Amino acid sequence: MGANKMMAARWHAAKDIRVEEVTVTEPNENQVKIEVKFTGICGSDLHEYNHGPQLIPYDKPYLLNGHQGATTLGHEFSGVVVSVGRNVKGIQKGDRVVVEPIFRNPASPFIANGQYNLSEPLGFVGLTSNGGFAKYTVVEDYMVHKIPDDFTFEQGALVEPAAVAVYAVQQSGLSAGDSVFVSGAGPIGLLCVQAALAFGATKVFVSDMSESRLDMAKKVGATQVFKATEPNIITTIKKDTGLGVDVFIDAAGVQASFSTGIATLRNGGTAMLVALFGKPVTHDALDQALRELTIKAIIGYRNVFPKTIDLIHTGKMQVEKLVTRKISMENIVQDGFEALVNDPSEVKILVDISQ
């Protein structure tokens, strides 16, 4: 390979991800070039693999950068800065960093008020730009966060999904002493368990279809776990909590999880929708009104990366417990995407980019 060439895992179409040679790009005046260390495979990467294009701009280019078509995936990653554009302040060569991969449209009114995750068009590194399944990647300067020297690059690759969980728990209004029900024990659901406990939840109930994922939920601190098809989830949780849980977090995103979770809430409780629902759900709005329930949802996160890095650094969220496998990029389709599609005991697979 030439000096300005590298291998990258690129999405071409559904079920068509190729590890192929690409040209290394250099940063513009407001960008940062990073040598990638570890990159996690996310549920949204799986959606693109199985059913894409979903967020990948295929028919027309992404407005903010002109990116279109074949895309180097990967938005959960850590690495070391190798160069910066001339306008970049506060970041320099050699910094150990993680990337907050949400694009911000500078013309959006949501930027001025700090709600940058609501700016449109919605875009993410590794979906609407080339991402972290490559030796080098280039990102916007506002996306880069430094990590402490004793923070591992493996922990760094989990900051992005952990930030979703921290933001979900923060937005739910959960306070110390509250009880929580988390539906879905995939990576985000399990990180929500850790975040809820870090915020002071005293009881965290978890449901999932997979026994191995429920075992993982216990390992990260769940009070009680349920097979999602168990008929007595609602009555058991109500009995245990007295009135029902204060907060329900839906990290499964199907009708059954939504309906069950809302039924476990105490009057005045809050449901937080974190999963990206594949289909519309039906909802009893009268029940919501009579019981004064709040139903909220989030997209990504905002303003929580520093807090998330601190929670991981101080051991309040032991995110590394979720890693079930580390693989090399050349085997990413078989050992990564296919393994996650077919084996529910896999939780978080990291790609070791340096291998």
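Everything in this summary refers to the structure shown in the same document. (Residues numbered from 1 in each chain as written. Predicted model: local features only at pLDDT ≥ 70, side-chain atom pairs only at ≥ 80, totals over all residues. Heavy atoms only, no water.)

### Considering the sheet that holds strand β14 (residues 294-297)
Phase 1: An order of β11-β10-β9-β12-β13-β14 is seen for the six strands of this open sheet, with the pairing classed as parallel. Here the strands that pair on one side only, and so sit at the sheet edges, are β11 (224-227) and β14. Looking at each pair of strands side by side, their axes are set apart by 20° on average, direction ignored.
Phase 2: As paired strands, strand β9 (residues 179-183) and strand β10 (residues 203-208) are joined by five bridges and run parallel to one another. Looking at β10, one finds that Ser 179 is bridged to Lys 203.
Phase 3: Contacting β9, β10 and β12 (245-250), helix α5 (residues 187-198) runs over the sheet at an angle of about 175° to β10. (Pairing = 2+ DSSP bridges. Helix = DSSP H or I, 4+ residues; strand = E, 2+ residues; numbered from the N terminus. Axes fitted to C-alpha atoms, helices over the stretch in contact; angles between N-to-C directions. Contact = heavy atoms within 4.5 Å.)

### With respect to the packing of helix α1 (residues 43-51) against helix α11 (residues 332-342)
Phase 1: Two elements in contact, α1 and α11, have axes whose closest approach is 10 Å; the angle formed by their N-to-C orientations is 90°. Taken together, the axes of α1 and α11 lie roughly perpendicular to each other. In this structure, α1 contributes Asp 45, Leu 46, Tyr 49 and Asn 50 to the contact, and α11 contributes Val 333, Phe 337, Glu 338, Leu 340 and Val 341.
Phase 2: Taken together, the residues of the contact of α1 with α11 break down into six nonpolar, one polar and two charged. (Parallel < 35°, antiparallel > 145°, perpendicular 65-115°, else oblique. Nonpolar A, V, L, I, M, F, W, Y, C, P; charged D, E, K, R; others polar.)

### So, the packing of helix α4 (residues 159-172) against helix α10 (residues 305-313)
Phase 1: Axis separation between α4 and α10 bottoms out at 9 Å; the angle between their running directions is 105°. With respect to α10, the element α4 is oriented roughly perpendicular. On α10, the residues touching Val 159, Glu 160, Ala 162, Ala 163, Val 166 and Gln 170 of α4 are Phe 305, Lys 307, Thr 308, Ile 309, Leu 311 and Ile 312.
Phase 2: Among the residues forming the contact of α4 with α10, the class breakdown is eight nonpolar, two polar and two charged.

### Looking at the pairing of strand β2 (residues 16-23)
Phase 1: Where strand β1 (residues 5-13) and β2 come together, eight bridges link them in antiparallel fashion. By the bridge assignment, Trp 11 is partnered in β2 with Ile 17.

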